[in-house]
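Residue-level structure breakdown
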Amino acid sequence: MEHDPSFARDGFYGGPAGDYPDNGERFTLLGRAALEAIRAEARPVDVLHGHDWQAGPAILSLDARYRSDPLLAGTPSVLTCHNLAYHGWVPRERAWALDLPAHIGAPDGVDLLREAVRTAELVNTVSPTYARESLTPEYGAGLDDVLAARGDRYAGILNGIDTGLWDPASDPALAAPYSLDRPDGKGDCRADLARRHGMDPGGPILGLVGRLDPQKGFDLVAGAAERLVAAGARLVVLGTGDERLVETLRRLATAHPDRVVVIGRFDRDEARRIYAGADAFLMPSRFEPSGQGQLIALRYGTVPIVRHTGGLADTIRDADRDPARGNGFDFGPADPDAFLDAALRAIAAWQDRPRWDAIVRRGMAEDPSWGGPAARYLALYERAIALRAAVPA
């Protein structure tokens, strides 16, 4: 839709000064426009599927303003929560512009995500383990009570990845193609990564790609990095973020230029080369609703080292605890020593080539595509339709 006062801005959600103060109004306008477009086209829709707080106004408007509309009266809503930390809070002095019934919200304002969770026919998040974790104060971001109140109408469906977009057999950024059936090209990608960055390739290469901040657990890596290097590991880090973490890693790179590389920028092609060229991939997140990095790493034959949380717990099986099915290594407590233990266990496995190759093959044989999740979303839609149909007119 076009409405320059609301949408002709440099950022989607905010600028250098933070979130736009009129975000509640902006996304209310977008949600109402979507509902009015359905009415204008006079074509019934099976389900209104919204994502995060930005879809909250559409879900709330559907329930409060459109239930008498013949076209929308029977339409159920499904809400997917990707990150519970962002609520879409609208203070009372601005809440009038949301055009919602007075009973929605609290005396001091409206929490759009909380209200949408209460209202949608069904609610889900993006992994089964994160769904369970979010029912606790530690992970629920202040929504654990309302999520728990939804009972069996709240569940987790793990995300997938686009396996056509992420495919080492056809990725143009790589030095050589490879696959589960033809794995030799991975060695070429490893050699290319080391050569490009002047790394000594004589030890296991651990790759790290992402936003460098404590939520992603990169402070755990920084706290253990010196000991990792002393154990023979090579580190290649791509990302920007917390300057203290970046500086810690840069000092290590200065001290060990042939073993530690820090690439302080966002670079899609370089990320692909790290996924392909590294031996192991670090993803020590404090919380991770679903995660894509570990799925890409599996597809590229790069063994994930992860914290046992959220979608990471649902996709990575520790190769020491489950030798027959293990596809990575994990750890529990969010501290550098626990992370280091998992990384050292991975390094020990890397030194046993037949065992390491078996772990790599198991990972590459996984199916991280959207096929399974899509079927589960279809079942979610069918249940939402049935629940809505059972509501008295």
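Anyway, here's the lowdown on the structure attached to this text. (Residues numbered from 1 in each chain as written. Predicted model: local features only at pLDDT ≥ 70, side-chain atom pairs only at ≥ 80, totals over all residues. Heavy atoms only, no water.)

Brief notes about the overall build of the protein
Of regular secondary structure, the protein possesses 16 helices and 14 strands. Computed over its C-alpha atoms, the radius of gyration of the protein comes to 23 Å, within 12% of the 21 Å expected for a compact globule of 393 residues. Across its three principal directions, the C-alpha atoms of the protein cover 70 × 40 × 40 Å. The buried share of the protein, reckoned over its 393 residues, is 53%. Long-range contacts, defined as pairs at least 24 residues apart, comprise 70% of the intrachain contacts of the protein with a sequence gap of at least 6. Only carbon and sulfur atoms are counted for the fraction: they give 54% of the accessible area of the protein, which is about 17,700 Å². Both charge centroids of the protein, one from 45 positive and one from 56 negative side chains, sit 2 Å from each other. (Helix = DSSP H or I, 4+ residues; strand = E, 2+ residues; numbered from the N terminus. Rg over C-alpha atoms; globule rule 2.2 N^0.38 Å. Buried < 20%, exposed > 50% of the residue type's maximum accessible area, 1.4 Å probe, protein only. Contact = heavy atoms within 4.5 Å. Areas by Shrake-Rupley, 256 points an atom, 1.4 Å probe, with all protein chains shown as cover. Lys, Arg positive; Asp, Glu negative; His and termini not counted. Charge placed at Lys NZ, Arg CZ, Asp CG, Glu CD.)

Quick notes on the sheet that holds strand β8 (residues 154-156)
Neighbouring strands of a sheet are bound in pairs by backbone hydrogen bonds; such pairs are parallel or else antiparallel. Spatially, four strands are ordered β3-β4-β7-β8 in an open sheet, and the strand pairing comes out parallel. Both outer strands of the open sheet, β3 (48-51) and β8, are each paired with one neighbouring strand and no more. Taking each pair of neighbouring strands and ignoring which way they run, the sheet shows an average axis angle of 25 degrees. Strand direction decides the pairing type here: β3 and strand β4 (residues 77-81), joined by four bridges, are parallel. Bridging across to β4, L48 finds its partner in S77. (Pairing = 2+ DSSP bridges. Axes fitted to C-alpha atoms, helices over the stretch in contact; angles between N-to-C directions.)

Description of the side chain of R345
When you line up the elements, R345 lands in helix α14 (residues 336-350). There is a polar contact of 2.9 Å between the side chain of R345 and the backbone oxygen of D330. Among residues more than four places away in sequence, those in contact with R345 are D318, D320, F329 and D330. (Polar contact = N/O pair within 3.5 Å; in protein donor to acceptor, adjacent residues only side chain to side chain.)

Section: the nonpolar core
General note: in soluble globular proteins, nonpolar side chains tend to be found buried as a group. Among the nonpolar cores identified, the biggest contains 69 residues, and L228, I305, F329, F339 and W356 are the most heavily contacted of them. Here the element with the most residues in this core is α14; it accounts for nine residues. The contacts of I305, once residues within four sequence positions are left out, are A280, F281, L282, M283, P284, F329, F339, A342, A343 and A346. By size, the runner-up hydrophobic cluster in this structure holds 32 residues, among which are F27, L60, L100 and L112. (Core = buried A, V, L, I, M, F, W, Y, C linked by side-chain atoms within 4.5 Å.)

Quick look at the packing of aromatic side chains
Scanning the model with the defined rule gives nine aromatic pairs in all. A ring pair is formed by F12 and Y13, whose centres lie 6.2 Å apart and whose planes are at 50 degrees; its orientation type is tilted. Judged by its relative accessible area of 71%, F12 is exposed. For Y13, a relative accessible area of 43% translates into the label partly exposed. Each ring, one from Y275 and one from Y300, has its centre 6.3 Å from the other, and the planes form 50 degrees; the classification is tilted. Placement of the pair is Y275 in helix α11 (residues 268-277) and Y300 in the loop between α12 (293-299) and β13 (303-307), with a sequence separation of 25 residues. Each member of the pair, Y275 as well as Y300, carries the same accessibility label: buried. Cluster of aromatic residues (ring-pair linked, three or more members): F12, Y13, F27 and W53. Its guanidinium or amino end placed over the ring of Y20, R9 lies 4.8 Å from that ring's centre, counting from NZ or CZ. In this structure, R272 is placed above the aromatic ring of W166, and the distance from its NZ or CZ to the ring centre is 4.1 Å. (Phe/Tyr/Trp six-rings, centres within 6.5 Å; stacked < 30°, edge-to-face > 60°. Lys NZ or Arg CZ within 6 Å of the ring centre and 35° of its normal.)

Concerning the sheet that holds strand β14 (residues 329-331)
The strand order across the open sheet built from six strands is β11-β10-β9-β12-β13-β14, with neighbouring strands paired in parallel fashion. Bordering the open sheet on either side are β11 (260-263) and β14, each of which pairs with just one other strand. With strand direction ignored, the average angle separating the axes of adjacent strands in the sheet is 15 degrees. Two elements, strand β9 (residues 205-209) and strand β10 (residues 234-238), share five bridges in a ladder whose sense is parallel. Considered in β10, the bridge of I205 is made with R234.

Side note on the side chain of R26
Summarising the element assignment, R26 is placed in helix α2 (residues 23-41). As a buried residue without a salt bridge, R26 has its nearest oppositely charged side chain in D22, at a separation of 4.6 Å. A polar contact of 2.9 Å, which involves the side chain of R26, links it to the backbone oxygen of F12. With sequence-adjacent residues up to four places away left out, R26 is seen in contact with S6, F7, R9, G11, F12, Y13 and Y20. (Salt bridge = Lys/Arg side-chain N within 4 Å of Asp/Glu carboxyl O.)

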